[in-house]
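Per-entry structural report
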Amino acid sequence: MPTVSKHTATTVNEFPAATDRVSELDGYTTSFVEIRETHSLAPMLASLPGGHCRCPHWGYVFRGRMTVHYDDHDEVIEEGGAFYMPPGHVPEAEAGTELLMFSPTDEFRATEEAIANSMKGSEPVG
């Protein structure tokens, strides 16, 4: 059975607002995310259809708070909360939030590529 921890993740991405520790486990991307600055992913998702993330995610918030916006409602996930974000969401998180997220790798990569294209000139600092 494949396993990963925050300390054994194969890739560490340092961004101005967050650290993302990532590994792939049998077709799913596992992300340990630490938010340093309150921010929304809306500007980065703007290049996607409808300005929403098209990748589903499952996860758990260890600390802090995340608000997920949909066309017809918002959901707040707080410390100790498990979540499922279906396609069509725009997440934002408060500074100090720590979460674990699982995403289908192929869909996650397509989303990352679109975000990278919209962020040209804003490369990771690590």
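Above: the structure in question.
Residues numbered from 1 in each chain as written. Predicted model: local features only at pLDDT ≥ 70, side-chain atom pairs only at ≥ 80, totals over all residues. Heavy atoms only, no water.

1. Things to note about the sheet that holds strand S1 (residues 11–14)
On the basis of which strands lie adjacent, the open sheet formed by six strands has the order S1-S2-S3-S10-S5-S8 and antiparallel pairing. This sheet does not close on itself; its edge strands, each paired only once, are S1 and strand S8 (82–85). This sheet shows a mean twist of 20° between the axes of neighbouring strands, independent of strand direction. Relative to S8, strand S5 (residues 57–63) is paired through four bridges, and the arrangement is antiparallel. (Pairing = 2+ DSSP bridges. Helix = DSSP H or I, 4+ residues; strand = E, 2+ residues; numbered from the N terminus. Axes fitted to C-alpha atoms, helices over the stretch in contact; angles between N-to-C directions.)

2. Examining the packing of aromatic side chains
Within the structure shown, the criterion is met by two aromatic pairs. Ring geometry for Trp 58 versus Tyr 84: centroids 5.0 Å apart, planes at 35°, classification tilted. Separated by 26 residues along the polypeptide, Trp 58 in strand S5 and Tyr 84 in strand S8 bring together distant segments of the chain. On the accessibility criterion, Tyr 84 (39% relative accessible area) is partly exposed. Ring geometry for Tyr 60 versus Phe 62: centroids 5.0 Å apart, planes at 70°, classification edge-to-face. (Phe/Tyr/Trp six-rings, centres within 6.5 Å; stacked < 30°, edge-to-face > 60°. Buried < 20%, exposed > 50% of the residue type's maximum accessible area, 1.4 Å probe, protein only.)

3. Focus on the sheet that holds strand S9 (residues 90–93)
Ordered by their spatial adjacency, four strands build an open sheet running S4-S9-S6-S7, and the pairing between neighbours is antiparallel. Because the sheet does not close on itself, it has two edges, and the strands there are strand S4 (39–40) and strand S7 (74–78). Sheet topology note: the strand S6 (residues 65–69)/S7 ladder contains five bridges and is antiparallel. In the sheet register, Met 66 faces S7, and the bridge partner there is Ile 77.

4. A word on unusual backbone geometry
We note that Asp 26 has phi near 45°; this positive angle belongs to a residue other than glycine. Structurally, Asp 26 is set in the loop between strand S2 (18–25) and strand S3 (28–35).

5. Some remarks on the pairing of S6
Hairpin connection from S6 to S7: four residues lie between these consecutive antiparallel strands. In the sheet, S6 pairs with S9 via four bridges, with the strands oriented antiparallel. Paired with Val 68 across the two strands is Pro 91, which belongs to S9.

6. Looking at the state of the cysteines
For the structure shown, the criterion picks out zero disulfides. Of all cysteine sulfurs, the one in Cys 55 lies closest to Cys 53, which takes part in no disulfide; the gap is 5.3 Å. Since its relative accessible area comes to 3%, Cys 53 is described here as buried. (Disulfide = S-S within 2.5 Å.)

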